[in-house]
Amino acid sequence: MPEDLPTRRAPRHRRRRRPTTYRLRIDLDDTKPPIWRRVDIDSSFRLDQLHELILAAFGWGGHHLHRFTISKRDWNPEAFVTEFDIEDGDEGTPEWTVRVDQLIGKPGDRLHYEYDFGDGWWHTLKLESVSRRDPAARPAELVTGRRYAPPDDCGGPYGYEHLLKAVNDPSHPEHKELTTWFEAFPWVGKVTKFDPLAIDLADLQATVRHALES
């Protein structure tokens, strides 16, 4: 792995030589009340591993495209590419060659991740703290979080708001149709009045562990 990334305009850091734990807060943008997760990761975590962690922590299906960027303002200022991007002829730095500590290094630094370019689920990853690493710690751990994440293919933040209104209002004209669709997602179960504030943290933590071990 190169010490310096062949990218332009991206803030870069030298890889940390000693094991370090990064505590990240990951917010799903444009959701009210906020949907977020707090995770501890090894600072040597690669972007492809971070992608798998985000999928597991939020419950995304993983069948959509994704990308990491330093800024949301530009379409692709750093050109971090996935295997699919390369197969499609795109050029850039493969995400599996990039360590997180090459992109963010001090509390307050941010990284952005988009999942599903159609729905446009943007996540903001903020580095909250840097600490000495416990040799016995897992490579990554879900610490806590708030609210279940939306199901895939529900239309982005505004589509999700519409979905919740319909599911929780029996008089809504789309209540029956959308409730039936919503119930198909394994974490939802039988819906009478869905509470998006509820979250089974232990179940999500186990999901994250399993995803990173497989």
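Everything in this summary refers to the structure shown in the same document. Per chain, residue numbering runs from 1 following the sequence as it is written. Predicted model: local features are reported for residues with pLDDT of at least 70 only, side-chain atom pairs are reported and counted for 80 or more only, and whole-chain, interface and lining totals are derived from all residues. To obtain the side-chain values, all non-hydrogen atoms of the structure were included, while hydrogens and water were left out.

1. Focus on unusual backbone geometry
- In this model, K32 is joined to P33 through a cis peptide bond whose omega is -10°.
- On the secondary structure map, P33 appears in the loop between β1 (20-28) and β2 (35-42). Only DSSP runs of H or I covering at least 4 residues are called helices, and only runs of E covering at least 2 are called strands; the numbering of each starts at the N terminus.

2. Focus on the nonpolar core
- Counting residues in each nonpolar core, the largest one holds 43 residues, and the members touching the most others are I41, L47, L50, F58 and L111.
- For this core, the element with the most residues is helix α1 (residues 47-58), which contributes eight residues.
- Contacts are assigned to residue pairs with any non-hydrogen atoms lying within 4.5 Å of each other. In this structure F58 touches I26, L28, I35, W36, R37, H123 and A149, once residues within four positions along its chain are discounted. Take the buried residues of types Ala, Val, Leu, Ile, Met, Phe, Trp, Tyr and Cys, join any two whose side-chain atoms come within 4.5 Å, and each joined set is a nonpolar core. Categorising residues by exposure relies on relative accessible area from a 1.4 Å probe, with only protein chains included: less than 20% of the type maximum marks a residue as buried, more than 50% marks it as exposed, and the intermediate range marks it as partly exposed.

3. Some thoughts on the environment of E52
- Tracing the chain through its elements places E52 in helix α1.
- You can call E52 partly exposed: its relative accessible area is 38%.

4. Points about the sheet that holds β1
- DSSP calls a pair of strands paired once it identifies at least 2 bridges connecting them. Spatially, six strands are ordered β3-β6-β7-β1-β2-β8 in an open sheet, and the strand pairing comes out antiparallel. At either end of the open sheet lies a strand with only one pairing partner, and these are β3 (66-69) and β8 (140-146). On average, each strand axis in the sheet is tilted by 20° relative to the strand beside it, whichever way the strands run.
- In this sheet, strand β7 (residues 121-132) lies alongside β1 in antiparallel orientation, the contact comprising nine bridges. Across the sheet, residue Y22 finds its bridge partner in β7, namely V130. The axes are straight lines fitted to the C-alpha atoms, using for helices just the contacting stretch, and the angles between their N-to-C directions are given from 0 to 180°.

5. Remarks on the pattern of salt bridges
- The rule for a salt bridge is simple: a side-chain nitrogen of Lys or Arg has to be within 4 Å of a carboxyl oxygen of Asp or Glu. One pass over the full model with this rule turns up 10 salt bridges.
- Residue E128 is joined to R38 by a salt bridge in which the shortest nitrogen-to-oxygen separation is 2.7 Å. In this pair, E128 is assigned in strand β7 and R38 in strand β2, connecting sequence segments 90 residues apart.
- Given a relative accessible area of 17%, R38 falls into the buried group.
- Put simply, R138 and E141 hold a salt bridge, and the shortest N to O gap is 3.2 Å.

6. So, the packing of aromatic side chains
- Here a Phe, Tyr or Trp ring, Trp counted by its six-membered ring, pairs with any other such ring whose centre lies within 6.5 Å, and the pair is stacked when the planes are under 30 degrees apart, edge-to-face when over 60, and tilted otherwise. Applying the stated criterion to the full structure yields three aromatic pairs.
- Considering the side-chain rings of W60 and W121, the 5.3 Å spacing of their centres and the 35° angle between planes classify their relative orientation as tilted. Note that W60 is positioned in the loop between α1 and β3 and W121 in strand β7, a separation of 61 residues in sequence.
- Classification of W60 by relative accessible area gives buried; the value is 5%.
- With centroids separated by 4.9 Å and ring planes inclined at 50°, the aromatic side chains of F68 and Y113 adopt a geometry described as tilted. Here F68 is found in strand β3, whereas its partner Y113 is found in strand β6 (residues 110-115), with 45 residues between them in sequence.
- On the basis of relative accessibility, which here comes to 1%, the residue F68 falls in the buried class.
- Here a set of aromatic residues connected by ring pairs shows up, and it is made of W60, Y115 and W121.
- When the NZ atom of lysine or the CZ atom of arginine is within 6 Å of a ring's centre and also within 35 degrees of its normal, the charge is said to sit over that ring. Taking the ring centre of W36 as reference, the NZ or CZ of R25 above it sits at 4.3 Å.
- The ring of F58 is capped by R37, whose NZ or CZ atom sits 4.8 Å from the centre of that ring.

7. Here's the deal with the environment of V167
- By secondary structure assignment, the location of V167 is in helix α3 (residues 156-167).
- On the basis of relative accessible area, V167 is assigned to the buried category, the value being 0%.

8. Some words on the packing of α1 against helix α5 (residues 201-213)
- Between α1 and α5, whose axes approach to 8 Å, the crossing angle comes to 150°. Looking at the two axes, α1 sits roughly antiparallel to α5. Seen along the crossing, α1 lies across α5 with a hand that is right-handed. Side by side, α1 and α5 meet where Q49, E52, L53, A56 and A57 of the first sit next to L204, T207, V208, A211 and L212 of the second.
- Its residues assigned to classes, the contact of α1 with α5 shows seven nonpolar, two polar and one charged. Each angle receives one of four descriptions, namely roughly parallel if under 35 degrees, roughly antiparallel if over 145, roughly perpendicular if within 65 to 115, and oblique otherwise. Note on convention: the crossing is left-handed when the near helix lies turned anticlockwise from the far helix by less than a right angle, right-handed when the turn is clockwise. Any residue outside Ala, Val, Leu, Ile, Met, Phe, Trp, Tyr, Cys, Pro, Asp, Glu, Lys and Arg is labelled polar, Gly included; the first ten of those are nonpolar and the last four are charged.

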